[in-house]
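Listed below are the residues making up each chain.
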Amino acid sequence: MLQSFAILLVFQLAGEACTQLLHLAVPGPVLGMALLFAAIALRPALGYAMRTTTGGLLQHLSMLFVPAGVGVMLHAGRLRDEWLAIVVAVVLGAVVTLAVTALTIRVLADRMPQQEAGEE
Amino acid sequence: MRPALNEIWVYLSTSPLLHLTLTVCAYLLGDWLFRRSGRRALFNPVLLAVLMLVAVLMLTNTSYQTYFAGAQFVHFLLGPATVALAVPLYFNFSKLRRLWLPLGVGLLAGCLTAALSAIGLAMLFDASAATTLALVPKSVTAPVAMGIVEKLGGPPSLTAILVVSTGIIGAVIGPALLDRLKISDPAVRGFAIGTTSHGIGTARAFQESEEAGAFSGLAMGLNALLSSLLIPVLLYLLGIA
């Protein structure tokens, strides 16, 4: 478990270092994810070894957003003044984005040459 | 007895341990309530934990800075967790290879829809320039969205809240909306939720299945990449930033 965690930190660090050195617009952890993916593709054993730890971490992913969410208390004034615009943009924006994304994928996937079910 | 109790409180309230403990316990309590409610969407554990913590902080007159000194240890794990998404992604790669074109176009459509709908709705309801800017990357995972807004001169901490709210909304209404649209493929469901609702949506998608979670995590990562490239250009073209 500790090994897997160390690997995650090393790849995050590598990601952060690359984005800083090369002035990339990509965030460090996202690049770290891409690098780890490449490493596992080269050595699948790494993926199998890390699976338990990452599964545990990702199971509680939503807890990690709580501290940022509590920051709502910093913006009480602005939220009171502009609550209508914010609520509509957040709620309606999420509905539209979700629907457009899902329907685009389904329409395109339906047009692709179908593979036989139960392959894989 | 009273002064001693007071001293303990003064000591604990300034130590990071108290607010770290409160954060984890509030989340566990929120998660317990969520499961007790029969997993009703409105009992979202993040939403409940945030409400409980804000109430406690206001009652005890604690500033967000003091709270965050403890909570930052939880916040920090967002980075390693993002990296960890590579693992489920690898185990679902065969399906990704088959669906890459529809998923790629869907991502582009979703990324543009998220940004343009935010701008359009904000303008329609007379939001201030700072609020509009903070709304644009609300479908992008928090650390990246904050980086985008900061570079454009907007308020990053407001963005963080809008990102979390969008995540919660997507997690709350996403599965029902996808049912109504008759989207049943876990890969497509996960990808759409991740494009809209980043990590909080991904956490929700993992509850549906590992496959949905993996594709949601993939969408979150790709949307972070694409948005950090597209949003500055889009705002420049629209003359907003």
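These figures come from a predicted structure and were not determined experimentally. (Residues numbered from 1 in each chain as written. Chains lettered and ligands numbered in written order. Predicted model: local features only at pLDDT ≥ 70, side-chain atom pairs only at ≥ 80, totals over all residues.)

A. Spotlight on the overall build of chain A. Along its length, chain A carries 6 helices and 0 strands. Over its C-alpha atoms chain A spans a radius of gyration of 20 Å, topping by over 25% the 14 Å that the globule rule assigns to 120 residues. If you line up chain A on its principal axes, its C-alpha atoms span 55 × 40 × 30 Å. Within chain A, buried positions represent 41% of all 120 residues. Of all intrachain contacts in chain A linking residues separated by at least 6 positions in sequence, the fraction that spans at least 24 positions is 28%. (Helix = DSSP H or I, 4+ residues; strand = E, 2+ residues; numbered from the N terminus. Rg over C-alpha atoms; globule rule 2.2 N^0.38 Å. Buried ≥ 20, exposed ≤ 12 C-beta atoms within 10 Å, placed from the backbone. Contact = placed C-beta atoms within 7 Å.)

B. Main features of the interface of chain A and chain B. Listed by partner, the interface residues are 67 residues for chain A and 95 residues for chain B. Those elements that place two or more of their residues in the side of chain A that touches chain B are helix H1 (2-22), helix H2 (28-42), helix H3 (44-59), helix H4 (66-70) and helix H6 (83-111) of chain A. In terms of residue count, the dominant contributor to the side of chain A that touches chain B is H6(A) (24 residues).

C. Structural view of the confidence of the model for chain B. Residues of chain B with pLDDT of at least 70 account for 98%, and the chain-wide mean is 90. Confidence estimates for the predicted assembly give a pTM of 0.83 and an ipTM of 0.85. (pLDDT = per-residue confidence, 0-100.)

D. Just the domain arrangement of chain A, in detail. Looking at the assigned domains, one finds that chain A contains domain 1 (1-59) and domain 2 (67-120). Each of domain 1 of chain A and domain 2 of chain A has a C-alpha centre, and these two points are 26 Å apart. (Domains from an automatic or database assignment.)

E. Structural detail: the domain arrangement of chain B. We note that the domain assignment places domain 1 (2-76) and domain 2 (82-238) within chain B. Taken residue by residue, the interface counts 5 residues in domain 1 of chain B and 6 residues in domain 2 of chain B.

F. Inspection of the nonpolar core at higher detail. Counting 103 residues, the largest nonpolar core has Val66(A), Ala84(B), Ala86(B), Ala118(B), Val164(B) and Phe191(B) as the members making the most contacts within it. The element best represented in this core is helix H10 (residues 156-180) of chain B, accounting for 11 residues. Those residues in contact with Ala86(B), other than ones at most four positions away along the chain, are Met33(A), Leu36(A), Phe37(A) and Ile40(A). (Core = buried A, V, L, I, M, F, W, Y, C linked by C-beta atoms within 7 Å.)

G. Structural view of the packing of H1(A) against H2(A). All names here are of chain A. Taken N-terminus to C-terminus, the directions of H1 and H2 make an angle of 120 degrees; their axes are 7 Å apart at the nearest point. Between H1 and H2, the angle falls in the class oblique. Crossing of H1 over H2 shows right-handed handedness. From H1, Phe11, Gln12, Ala14, Gly15, Glu16, Cys18 and Thr19 reach across to H2, where they touch Gly28, Pro29, Leu31, Gly32, Leu35 and Leu36. A breakdown of the residues in the contact of H1 with H2 according to their chemical character gives 7 nonpolar, 5 polar and 1 charged. (Axes fitted to C-alpha atoms, helices over the stretch in contact; angles between N-to-C directions. Parallel < 35°, antiparallel > 145°, perpendicular 65-115°, else oblique. Left-handed = near helix turned anticlockwise from the far one by under 90°. Nonpolar A, V, L, I, M, F, W, Y, C, P; charged D, E, K, R; others polar.)

H. Quick look at the confidence of the model for chain A. Counting all residues, the mean pLDDT for chain A is 89, and 92% of those residues have values of 70 or more. Of the regions scoring below 50 in pLDDT, residues 116-120 of chain A engages in 1 contact with residues more than four places distant in sequence or in other chains.

I. Representation of helix H2 (residues 16-36) of chain B. Residues and elements named next belong to chain B. Across its 21 residues, H2 extends 30 Å between first and last C-alpha, which sits within 8% of the 30 Å expected from 1.5 Å per residue. Every buried residue belonging to H2 is among His19, Leu22, Thr23, Ala26, Tyr27, Gly30 and Phe34, and all of these are buried. On an axial view of H2, the arc spanned by its buried residues comes to 125 degrees, and they lie on one face. Facing away from the buried surface of H2 by more than 90 degrees, the exposed residues are Leu17, Arg35 and Arg36. (Expected span 1.5 Å × (residues − 1). Arc of directions from axis to C-beta.)

J. Fine view of the packing of H6(A) against helix H11 (residues 186-208) of chain B. Packing of H6(A) against H11(B) leaves a shortest axis separation of 9 Å and a crossing angle of 145 degrees. Where H6(A) crosses over H11(B), the handedness of that crossing is right-handed. Taking contact as the criterion, the partners of Ala94(A), Thr97(A), Leu98(A), Thr101(A), Ala102(A), Ile105(A), Arg106(A) and Ala109(A) in H6(A) are, on H11(B), Val188(B), Phe191(B), Ala192(B), Ile193(B), Thr195(B), Thr196(B) and Ser197(B). Partitioning the contact of H6(A) with H11(B) into residue classes produces 9 nonpolar, 5 polar and 1 charged.

K. Representation of the environment of Ile200(B) within the structure. Among the secondary structure elements, Ile200(B) is positioned in helix H11. Here Ile200(B) falls in the buried class, since 34 other C-beta atoms lie within 10 Å of it. Put simply, Ile200(B) and Pro156(B) are 44 residues apart on the chain and 18 Å apart in space, counted from C-alpha to C-alpha. When near neighbours in sequence (up to four residues on either side) are disregarded, Ile200(B) contacts Ser62(A), Phe65(A), Val46(B), Val164(B), Gly167(B), Ile168(B) and Ala171(B).

L. Just unusual backbone geometry, in detail. Residues and elements named next belong to chain B. With a phi close to 60 degrees, asparagine 61 is a non-glycine residue in the positive phi region. Here asparagine 61 lies in the loop between helix H3 (45-59) and helix H4 (64-76). The backbone of histidine 198 shows a phi angle near 35 degrees, a positive value even though the residue is not glycine.

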